[in-house]
Amino acid sequence: MATPDPVPALDFRPTHVVPPDGLPAWEAPDPARPTDPLDALLPVQLAERQGDWAYVVCSNGWAAWVDGRLLVSVPRTPPAPGQPLARTADPRPLLARAEEALNRYRRAAQDLAEGRSDGEGFRQRTRGLRVGMVVDGESVWLYDAEHERWVFCDGTQLSTYAAESGPGSGTAFTGPGAAGPGAAGPEPTRVVPADGPEPTRVVTADEPEPTRVVAPDESPDGGR
């Protein structure tokens, strides 16, 4: 796929800002082609999206691919007087999905505890369920399983807090693909070599007593 042409400097109008910790960048929507990261709080203009990937342009014309889920949106022009205030990223649908997932798990666990289901049935009913929520007063952190990310909610809108995996390729910006750089996986199984130290062995009472070095002035039974 051809990379979009950079936006001319005169037409540059930032649509997003890089997060406070900066943002890794790639030359193409490919985890194997990293480039210089973007500076923290750098204004950028979104030019294209491909799956979780976002092609952004800076004011000087430099462009790169980044994880679009982590970009911070720039507020648009305020509504004219008399128009209703618009809300972005309404938290209610995600709250409802988290509540439903938790209720499904609760019902499955209750049926298991009361004998109406066995272990296999419990595993079947809970397979694929993923829910996460931390509530601290007016602040809420929710796990968005659809996009594999944690979002922060202040009661009115959602904003991405952290992504679980790297950007994935897809036809729409609706879900993650394969994990990119930095996605931590399980540590591979390690084979312990045979020349390592022998493990401690417990000597039972019916085994012969190990050989003991006897000093010249000591009798075999320990006497002098």
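The structure reproduced in this document is the subject of the present report. What you are looking at is a predicted structure, and each value in this text was computed from that prediction instead of being measured.

Next up on the list: the nonpolar core. Formed by Val18, Leu23, Ala25, Leu38, Val44, Ala54, Val56, Cys58, Ala64, Val66 and Leu71, the largest nonpolar core amounts to 11 residues. For this core, the secondary structure elements donating two or more residues are β2 (23-26), β5 (53-57) and β6 (63-67). With residues near it in sequence (within four places) discarded, Ala54 still touches Leu46, Glu48, Arg49, Ala64, Trp65, Val66, Gly68 and Leu71. Formed by six residues, the second largest nonpolar core is a distinct cluster that contains Leu94, Leu142, Val151 and Leu158.

What follows concerns the pairing of β6. Taking burial as the measure, the five residues of β6 include four buried ones, the bulk of the element. As consecutive antiparallel partners, β5 and β6 are separated by five residues, and within that stretch Gly61 has a phi angle of approximately 90°, a positive value.

Before going further, it helps to examine the environment of Asp21. Along the polypeptide, Asp21 turns up in the loop between β1 (16-17) and β2. C-alpha of Asp21 to C-alpha of Leu41: the two residues are 20 residues apart in sequence and 8.1 Å apart in space.

Residues Gly121, Phe122 and Thr126 constitute the buried set of helix α2 (residues 119-126). Looking straight down α2, one finds that the buried residues subtend no more than 120° of arc, so they occupy a single side. A positive backbone phi angle near 85° is found at Gly128, which sits one or two residues after α2.

In this section: helix α1 (residues 92-113). Helix length check: α1 (22 residues) gives 31 Å between terminal C-alpha atoms against 32 Å at 1.5 Å per residue, within 8%. Buried within α1 we find Leu94, Ala98, Ala101, Ala108 and Asp111. End-on, the buried residues of α1 take up no more than an arc of 165°, which puts them together on one face. Exposed side of α1, more than 90 degrees from the buried face: Arg92, Glu99, Leu102 and Ala113 are the residues found there.

Here we come to the packing of α1 against α2. Viewed as axis vectors pointing N to C, α1 and α2 meet at an angle of 175°, and their least axial separation amounts to 10 Å. By the angle class used here, α1 and α2 are roughly antiparallel. Between α1 and α2, the contacting residues are Arg104, Tyr105, Arg107, Ala108, Ala109, Asp111 and Leu112 on the first element and Gly119, Phe122, Arg125 and Thr126 on the second. Residues belonging to the contact of α1 with α2 are distributed by class as follows: five nonpolar, two polar and four charged.

Rules used throughout
Each chain has its residues counted from 1, following the order in which its sequence is written. Local features in a predicted model are, by the rule used here, given only for residues with pLDDT of at least 70; side-chain atom pairs are given and counted only at 80 or more, and totals for whole chains, interfaces and linings are based on all residues. To obtain the side-chain values, all non-hydrogen atoms of the structure were included, while hydrogens and water were left out. Note on terminology: a nonpolar core comprises buried Ala, Val, Leu, Ile, Met, Phe, Trp, Tyr and Cys residues joined through side-chain atoms within 4.5 Å. Burial here depends on accessible area, computed with a 1.4 Å probe over protein chains only, as a share of the maximum for the residue type. Under 20% is buried, over 50% is exposed, and the range in between is partly exposed. Each helix is a run of H or I in the DSSP string that is no shorter than four residues. Each strand is a run of E no shorter than two, and both are numbered from the N terminus. Pairs of residues are marked as contacts when any of their non-hydrogen atoms sit within 4.5 Å. Two strands make a pair as long as DSSP finds a minimum of two bridges between them. Regarding the arc, it is the one traced by the directions from the helix axis to the C-beta atoms. Helices are assigned an expected span. That span is 1.5 Å times one less than the residue count. Orientation is described by lines fitted to C-alpha atoms, with helices fitted over the stretch in contact, and by angles between N-to-C directions that extend from 0 to 180 degrees. Just so you know how the angles are binned, under 35 degrees is roughly parallel, over 145 roughly antiparallel, 65 to 115 roughly perpendicular, and the rest oblique. Side-chain classes are defined by residue name, with Ala, Val, Leu, Ile, Met, Phe, Trp, Tyr, Cys and Pro counting as nonpolar, Asp, Glu, Lys and Arg as charged, and the others, Gly among them, as polar.

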